[in-house]
Amino acid sequence: MSEADAAEADVVGASWGKTNRDDVQGGRTTKKTYRVSVAEEAALKVKAQRYGISVARLVVESALSREGESHTDRQALIQELAQVRTLLSRVSSNINQIARHANTTGEFPADAAASVAAMRQLMLRIDTTVRGVSGP
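Predicted, not measured: the structure shown is a model, and the values here were computed from it.

### A word on the packing of helix 2 (residues 38-51) against helix 3 (residues 55-64)
At a minimum axis separation of 9 Å, helix 2 and helix 3 run at an interaxial angle of 95°. Taken together, the axes of helix 2 and helix 3 lie roughly perpendicular to each other. Side by side, helix 2 and helix 3 meet where Leu44, Lys45, Lys47, Ala48 and Tyr51 of the first sit next to Val55, Leu58 and Val59 of the second. In terms of residue class, the contact of helix 2 with helix 3 is made up of 6 nonpolar, no polar and 2 charged.

Below, the structure written as structure tokens:
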């Protein structure tokens, strides 16, 4: 197994809730030490804790990722988009039921405002997610 394959295997483990990287055949013989500021260390710890992984794993994933984001970042984004998709489906169904009722009876249901508000909140969440993917 090449070092690149081993690194990729380590990154894949993050999606299964592992906090540390897998052992690799032959072990890891190189140790690197880097200096960071107190603020940088705090930011690394917060981000690692948010993803449930170690700081070392976060640093390695980030450094070895192709686009400056880790596998864990992508997994979190995939989960967020899946949740948004589910919510969108539910809210769309509610809006369709409201429209059907309004077209059939000529009345606009009193609880329709809540569904419209939920749709607006969902749109804001989608916008925030898209901005997060788009970067600065």
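### Some remarks on the pattern of salt bridges
A pair can form between side chains of opposite charge whenever their charged atoms are brought close. Under the counting rule described, the total for this entry stands at 2 salt bridges. A salt bridge links lysine 45 to glutamate 41; its shortest N-O distance comes to 3.4 Å. One end of the pair, lysine 45, and the other, glutamate 41, are both in helix 2, 4 residues apart, so they sit about a helical turn from each other. Measuring nitrogen to oxygen at the nearest pair gives 2.7 Å for the salt bridge that ties arginine 125 to glutamate 80. Of the two residues, arginine 125 is situated in helix 5 (residues 112-134) and glutamate 80 in helix 4 (residues 71-105); the sequence distance between them amounts to 45 residues. Judged by relative accessible area, which is 23%, glutamate 80 ranks as partly exposed.

Conventions adopted
- Residues numbered from 1 in each chain as written.
- Predicted model: local features only at pLDDT ≥ 70, side-chain atom pairs only at ≥ 80, totals over all residues.
- Heavy atoms only, no water.
- Axes fitted to C-alpha atoms, helices over the stretch in contact; angles between N-to-C directions.
- Helix = DSSP H or I, 4+ residues; strand = E, 2+ residues; numbered from the N terminus.
- Parallel < 35°, antiparallel > 145°, perpendicular 65-115°, else oblique.
- Contact = heavy atoms within 4.5 Å.
- Nonpolar A, V, L, I, M, F, W, Y, C, P; charged D, E, K, R; others polar.
- Salt bridge = Lys/Arg side-chain N within 4 Å of Asp/Glu carboxyl O.
- Buried < 20%, exposed > 50% of the residue type's maximum accessible area, 1.4 Å probe, protein only.

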